[in-house]
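Coordinates in review
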Amino acid sequence: MLRLKKTVAMVGMMGAGKTAVGTAVARMLDVPFLDSDEEIVLAAHQSIAEIFERDGEAFFRARESEVLARLLRGNPCILSTGGGAFLAEANRSIIAEVGVAVWLRADLELLWQRVRHKATRPLLRTANPRESLRNLYEARVPIYGLADIVVDAAAPLSVDEMASRVIDALLARPDVLEKE
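Residues numbered from 1 in each chain as written. Predicted model: local features only at pLDDT ≥ 70, side-chain atom pairs only at ≥ 80, totals over all residues. Heavy atoms only, no water.

1. Side note on the sheet that holds strand β3 (residues 33-35)
Quick note on the threshold: Strand pairing requires that DSSP identify at least two bridges connecting the strands. Every helix listed is a DSSP run of H or I at least four residues long, and every strand listed is a run of E at least two residues long, numbered separately from the N terminus. Here an axis means a line fitted to C-alpha atoms, over the contact stretch when the element is a helix, while the angle between two N-to-C directions is reported on a 0 to 180 degree scale.
Taken in spatial order, the five strands make up an open sheet running β3-β4-β2-β5-β6, and their pairing is parallel. Of all the strands in the sheet, the pair left with one neighbour each is β3 and β6 (149-152). Strand-to-strand, the axes of this sheet are offset by a mean angle of 25 degrees, without reference to chain direction. In this sheet, β6 lies alongside strand β5 (residues 99-105) in parallel orientation, the contact comprising four bridges. Across the sheet, residue Val102 finds its bridge partner in β6, namely Ile149.

2. Quick word on the pattern of salt bridges
As a working rule, side chains carrying opposite charge can pair if their charged atoms are close by. We apply this condition: We count a salt bridge whenever a side-chain nitrogen from Lys or Arg sits within 4 Å of a carboxyl oxygen from Asp or Glu. Three exposure classes are used, based on accessible area relative to the maximum for each residue type with a 1.4 Å probe and protein chains only: buried under 20%, partly exposed in between, and exposed over 50%.
Evaluation of the coordinates by the stated rule reveals 16 salt bridges. Across the pair Arg92 and Glu89 runs a salt bridge whose closest N-O atoms are separated by 2.8 Å. You can see Arg92 and its partner Glu89 sitting in helix α4 (residues 89-98), three residues apart, about one turn around the helix. What makes Arg92 buried here is its relative accessible area of 16%. Through salt bridges with shared partners, one network takes in Arg3, Lys5, Glu178 and Glu180.

Next comes the structure, spelled out in structure tokens:
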């Protein structure tokens, strides 16, 4: 039996698998799964793309920080964060204070294969979405590198195999996940 002692914030680029892998980890550990983007959509009654379009990225980021702080202060769970959430110092601080950040590290080609056909990514609604993704990747990777735990994604791995990798990494941190 495993017991989750702190909320695990899944961080990383869009397409890294934060939601899919996070859901599988939560299922395997029998703990709740929450998605900060879904919580924002529920509260705003608008899609993230609509929030970006109507109110701008700064407004969205402020709401994202509020939602993250609320979710992190709840019972331990697996929390999928938006791709830009970990960029804010305040968000990194609250995650470090009450939880643990797990970076799902994926290379640029894998991310592109996963997101290129999705119209739901407001930051990729550009004339050259692949170049936009590359620019985001290059800017964000050093910040994601500040995460407490890094788990490498690979195309041939299934969602459950990735989830097992995350659980193995968490087991190395008895302050986060312990065997009972």
